Amino acid sequence: VARGLMESRARARDAILRTAARLPSDLPRAEALLQIGNALNVLGKLRADAEILEEAVAAYREALPVFEAAGDRTGLSRLRNNLAGALVSLGENDADTGRLEEAIALHRQLVAEAPFEQGSVEWMTARMNLASALSRLGERSATTEIAREAMTILAEIVERVGPDVDPIPWALAKFNLAGTMLFVGEREGNPKMLADSTTTAEAVLSIWTRDAFPLYWASVHNNIGNAYQVLGLAMEDDTFLRAATYEYDDALLEWRRERVPDDWARVTNNKANVLKKLGDSTGEEALLEEAIGLYRSCMEVWTRPAMPLSWASAQNNLGDALAILGARRNDAALLRAAVGAFDLALQEWTRERVPYDWAVATNNRGGALVALGTVTAAADLIRAGISDIEAAWQYDRDSGETGYDEYYRKRLDAANAALAKFAP
């Protein structure tokens, strides 16, 4: 079926281009390539199919010099915007950041060509697209500098274009601002920014109602749940964590697996994170077991070939839940499974690709190795765990992050105390 679809798509594309080639100007052929690229772009995003997105990029690149030579500003703007969108979709799971950086460069060109005075909608769209691409790159960065640039851009949009002018784009900008505030607040350990992100997101619900915009409505509830989760972790308050589960359950009313599988996996993963933390803090092992099952179900959607970074995230989270349950039960098999999950995560969460995530998984692996070495009286495993924890701490130091120094000191003190029981 897939091969037949590809062949029919190729035949239709070739027929369109043959017709366009007979026209006296190159522009119709470039326009045909743009439209073919747009169709492939939409299809590739819907199916999360990198091969189709690559075809879209190739079509856009072939049309680009024709629009540039003709000085067709409108066609060139449409092409650059759509090419950048396809590059972001591909770049999200790339091993390097080259395509994301190319997309950002294209969006910066579009921003420069869209002054506010010539049209607020074009001005706003260009800046929202730039902020979105910056946010994707910021997630891969060791600092919040790139994400803060996105936050500044989005705040300017919200300030200059109010909800009375164009409520739907305004709501999108406000929603994206809330999400960026959440990311920066979490990375910087800033509870006020986290709390502000929830009120910013809640303001969007007056426009993105469940009846009118069910999928966007679910997205807002997911983000509010994320903010509550981070606040609960930062303040060690289970009340925030329980509030997060209610928000995730709301999101799941519309983000159903058969409808939007990637979004379903995202909110399911988020809910599992909360259940894991609640299970750890309350001692309710059933919550940990539920979280383990949810992580495994996420990986049925987030497969390694299609979504390697998301798959790695689920593996890391699964490993954390297995490690917590294994330590509670002094169960070596669960702890070995936890180490195995972290090893798999680190195959995709490499230091070169996602350094922050690499440090998180490396620290988690270290803790699991210390626990496994303690349960099995294996000093070499405890030493390996200490090495991992030290590597993660060194990454924080190299990045200028000092907020977790006390956490790492206590973690290493406990690990060295465990080692002293088994090694002279």
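Residues numbered from 1 in each chain as written. Predicted model: local features only at pLDDT ≥ 70, side-chain atom pairs only at ≥ 80, totals over all residues. Heavy atoms only, no water.

1. Observations concerning the overall build of the protein chain
The following threshold applies: Under the DSSP-based scheme used, a helix requires at least four consecutive residues in state H or I and a strand at least two consecutive residues in state E, with every element numbered from the N terminus. Two things to know: the radius of gyration comes from C-alpha atoms, and the globule rule equals 2.2 Å times the number of residues to the power 0.38. Only protein chains enter the accessibility calculation, which uses a 1.4 Å probe; a residue is then buried when its area is under 20% of its type maximum, exposed when over 50%, and partly exposed in between.
Scanning the protein chain from terminus to terminus reveals 18 helices and zero strands. Here the C-alpha atoms of the protein chain give a radius of gyration of 24 Å, agreeing with the 22 Å that 2.2 N^0.38 yields for 424 residues. Its C-alpha atoms put the protein chain at 85 × 50 × 40 Å along the principal axes. For the protein chain, buried positions account for 50% of its 424 residues.

2. Here we look at the pattern of salt bridges
To keep it simple, the criterion reads: Salt bridges are defined as contacts in which a side-chain nitrogen from Lys or Arg sits within 4 Å of a carboxyl oxygen from Asp or Glu.
Counted according to the given criterion, the structure contains 28 salt bridges. A salt bridge links Arg80 to Glu68; the nearest nitrogen and oxygen atoms lie 4.0 Å apart. Placement of the pair is Arg80 in helix H4 (residues 73-91) and Glu68 in helix H3 (residues 50-70), with a sequence separation of 12 residues. For Arg80, a relative accessible area of 8% translates into the label buried. Using a relative accessible area of 43% as the deciding quantity, one classes Glu68 as partly exposed. Arg108 is paired through a salt bridge with Glu149; the nearest N and O atoms lie 2.9 Å apart.

3. Considering helix H15 (residues 332-348)
Convention followed: In a helix, the anticipated span is given by 1.5 Å times the number of residues less one. We call two residues in contact whenever any of their non-hydrogen atoms come within 4.5 Å of each other. Polar contact is defined as a pair of N or O atoms within 3.5 Å, subject to the rule that within protein one atom must be able to donate a hydrogen and the other to accept it, and that residues adjacent in sequence are counted only when both atoms are side-chain atoms.
In this model, H15 (17 residues) spans 25 Å end to end at C-alpha, consistent with the 24 Å of a helix rising 1.5 Å per residue. Where H15 is concerned, the buried positions are Ala332, Leu334, Leu335, Ala338, Val339, Ala341, Phe342, Ala345, Leu346 and Glu348. Buried residues along H15 sit against helix H14 (308-329) and helix H16 (355-376). The N-cap residue of H15 is Asp331: its side-chain oxygen and the backbone nitrogen of Ala333 are 2.9 Å apart.

4. Focus on the packing of aromatic side chains
Filter applied, for reference: Only Phe, Tyr and Trp rings take part, Trp by its six-membered ring, and two of them pair if their centres are within 6.5 Å. Stacked means planes under 30 degrees apart, edge-to-face means over 60, and tilted covers everything else.
Throughout the structure, instances matching the rule amount to seven aromatic pairs. Geometrically, the ring pair formed by Phe175 and Trp208 is tilted, given 5.3 Å between the ring centres and 55 degrees between the ring planes. Note that Phe175 is positioned in helix H8 (residues 167-188) and Trp208 in the loop between helix H9 (191-204) and helix H10 (214-235), a separation of 33 residues in sequence. Here Trp393 and Tyr408 contribute two aromatic rings whose centre-to-centre distance is 5.8 Å and whose plane-to-plane angle is 10 degrees, an arrangement assigned as stacked. Here Trp393 is found in helix H17 (residues 379-398), whereas its partner Tyr408 is found in helix H18 (residues 405-422), with 15 residues between them in sequence.

5. Thoughts on unusual backbone geometry
Its identity as a non-glycine residue notwithstanding, Glu236 has a phi of 50 degrees, on the positive side. Structurally, the position occupied by Glu236 is in the loop between H10 and helix H11 (238-254). Of the residues examined, Glu236 reaches a relative accessible area of 73% and is grouped as exposed. Phi is positive for Ala377, which is not a glycine, with a value near 55 degrees.

6. Comments concerning H10
Over its 22 residues, H10 runs 32 Å from end to end, which matches the ideal 32 Å to within 8%, given 1.5 Å per residue. At the exit of H10 stands Glu236, carrying a positive phi of roughly 50 degrees.

7. Regarding the nonpolar core
Nonpolar side chains in soluble globular proteins tend to end up buried together. We apply this condition: Nonpolar core, defined: a set of buried Ala, Val, Leu, Ile, Met, Phe, Trp, Tyr and Cys residues in which side-chain atoms within 4.5 Å join the residues together.
Membership of the largest hydrophobic core comes to 115 residues, with the highest contact counts inside it found for Tyr60, Phe67, Leu79, Ile157, Trp208, Val220 and Trp302. Apart from the residues lying within four places of it in its own chain, the contact partners of Phe67 are Leu27, Ala30, Glu31, Leu34, Asp72, Gly75, Leu76 and Leu79. Among the nonpolar cores identified, the runner-up in size contains 12 residues, and Ala379, Ile382, Ala392 and Trp393 belong to it.

8. Structural notes on the packing of H3 against H4
Where we set the bar: The axes used here are C-alpha line fits, helices contributing only the stretch in contact, and every angle between their N-to-C directions lies in the interval 0 to 180 degrees. If an angle is under 35 degrees, it is roughly parallel; if it is over 145, roughly antiparallel; if it lies from 65 to 115, roughly perpendicular; otherwise it is oblique. We call a crossing left-handed when the near helix sits turned anticlockwise from the far one by less than a right angle, and right-handed when that turn is clockwise. Three categories are distinguished: nonpolar for Ala, Val, Leu, Ile, Met, Phe, Trp, Tyr, Cys and Pro, charged for Asp, Glu, Lys and Arg, and polar for the others, with Gly belonging to the last.
In the contact formed by H3 and H4, the axes pass within 9 Å of each other and the chain directions differ by 155 degrees. One way to sum up the angle between H3 and H4 is to call them roughly antiparallel. Here H3 and H4 pass one another in a crossing that is left-handed. Contacts from Ala50, Leu53, Glu54, Val57, Tyr60, Arg61, Ala63, Leu64, Phe67 and Glu68 of H3 reach H4 at Gly75, Leu76, Leu79, Arg80, Asn82, Leu83, Ala86, Leu87, Ser89 and Leu90. Among the residues forming the contact of H3 with H4, the class breakdown is 13 nonpolar, three polar and four charged.

9. Brief notes about the packing of helix H13 (residues 285-301) against H14
The geometry of H13 relative to H14 is characterised by a closest axis approach of 9 Å and an angle of 155 degrees between their N-to-C directions. Here H13 is positioned roughly antiparallel relative to H14, judged by the angle of their axes. Where H13 crosses over H14, the two elements pack in a sense that is left-handed. Listed contacts from H14 to Glu285, Leu288, Glu289, Ile292, Tyr295, Arg296 and Met299 of H13 are Trp311, Ala314, Gln315, Asn317, Leu318, Ala321, Leu322, Ile324, Leu325, Arg328 and Arg329. Of the residues belonging to the contact of H13 with H14, the class tally is 11 nonpolar, two polar and five charged.

10. Comments concerning the side chain of Arg140
Spelled out, the test is: Only four residue types enter the charge count, namely Lys and Arg as positive and Asp and Glu as negative; His and the chain termini do not.
Structurally, Arg140 can be placed in the loop between helix H6 (120-138) and helix H7 (145-160). One buried charge, Arg140, has no salt-bridge partner; the nearest side chain with opposite charge is Asp96, at 6.2 Å. Engagement of the side chain of Arg140 in a polar contact is seen with the backbone oxygen of Gly91, the distance being 3.1 Å. Among the polar contacts made by the side chain of Arg140, one reaches the main-chain carbonyl oxygen of Asp96 at a distance of 3.3 Å.

Interpretation note: all reported values are geometric properties and have no functional meaning in isolation.
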